[in-house]
Amino acid sequence: ECLGGLAVIDPAKIIPHMEQLVKDTESTPLTRAVVIAALRFALPQSSVGSAAQRTAYGLLGERLPTFLSLLHDEDLRVRRQALITTNELLHSHVSLLGADVIKNVIVPVLYKTTKPNKALIRELNLGPFKHQVDDGLPLRKAAYQCLDTLLDVAPHRVNMADFVRTVRQGLVDSDDVVILAYSILQLVAQEHGEQLLEVLDELPPLIKKGVLAKLKKAKSDNPERATDVLRAAVRCMREMIHIRGVRQCKEFCSFYSRVLKTKLLAQMLVEMDSS
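The notes below deal with the structure included here. Since we're looking at a predicted model, the values are computed, not measured.

## A word on the pairing of strand β2 (residues 129-134)
Link 1 in the chain: When strand β1 (residues 121-126) meets β2, the two strands line up antiparallel, connected through six bridges. Among the inter-strand pairings, R122 is bridged to a residue of β2, identified as V133.
Link 2 in the chain: The antiparallel pairing of β1 with β2 creates a hairpin that spans two residues between the two strands, and G127 there sits at a positive phi of about 70 degrees.

Now the structure itself:
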């Protein structure tokens, strides 16, 4: 935060130095992570304003390819910080990125990062128990957060069918990712329903797989998290079933009719309708 603040005060001196730290082949992962995180605090409010703000905006625009190269860094911490900074850029400075950068640099990275990577899953031996740790999970969560922001600020920059096919992978991921994925798909249904219809019949198999698993957990001694996931799923499907022309999607409509016959899910729908 302090480094970013210095960049705001003296962008002509600090921002080129930050770029050099990224380019330096001897820089440590910690250095690169600090630099890309500091960039979030170096972003001016807009391209207009004080001379320093205008200078910062121009300098950052010229050097964005260098900073965004950290989306491909070999260190997971650096890549996560790069994704978080990308989300901030999309949210508050999408004009700084430009159409080509979003389409050709950012979107391919986001789509790739949403896929679970078996190489990043390690197993811990805890005596009589074994526990799996997914080191790629923080990256996937950050990528889905970027996709959520992208859908909000620049949906015209993505092919919606490809976008949905990417997000649907999250329906059978960790609980946090699943809830994010349903939230994104719900927004697609609300704002881009006609385009969603093109791929809606592809969603029931993954929805079913995730929902069945959570229905079992909802009957356990600790049902809260499973219930949260199921509620997110029901809320999303409720939005989808109200898309104009949805009846042409036979697979989804058939699946939704089975949802209505599932006691817990039907109860959730009643609660949502009443509120």
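## Re the packing of helix α8 (residues 137-153) against helix α9 (residues 160-167)
Link 1 in the chain: Relative orientation of the contacting elements α8 and α9 amounts to 150 degrees, with a least axis distance of 12 Å. In terms of orientation, α8 and α9 fall into the roughly antiparallel class. Along this stretch, α8 crosses α9, giving a crossing that reads as left-handed. Contacts between α8 and α9 involve Y144, L147 and L151 from the former and M160, F163, T166 and V167 from the latter.
Link 2 in the chain: Here the contact of α8 with α9 is composed, by residue class, of six nonpolar, one polar and no charged.

## Details of the side chain of K214
Link 1 in the chain: You can see K214 is positioned in helix α12 (residues 204-217).
Link 2 in the chain: Residue K214 is classed as buried on the basis of its relative accessible area, which comes to 10%.
Link 3 in the chain: Setting aside its immediate chain neighbours within four residues, K214 contacts D175, A226, V229 and L230.

Calculation rules
- Residues numbered from 1 in each chain as written.
- Predicted model: local features only at pLDDT ≥ 70, side-chain atom pairs only at ≥ 80, totals over all residues.
- Heavy atoms only, no water.
- Pairing = 2+ DSSP bridges.
- Helix = DSSP H or I, 4+ residues; strand = E, 2+ residues; numbered from the N terminus.
- Axes fitted to C-alpha atoms, helices over the stretch in contact; angles between N-to-C directions.
- Parallel < 35°, antiparallel > 145°, perpendicular 65-115°, else oblique.
- Left-handed = near helix turned anticlockwise from the far one by under 90°.
- Contact = heavy atoms within 4.5 Å.
- Nonpolar A, V, L, I, M, F, W, Y, C, P; charged D, E, K, R; others polar.
- Buried < 20%, exposed > 50% of the residue type's maximum accessible area, 1.4 Å probe, protein only.

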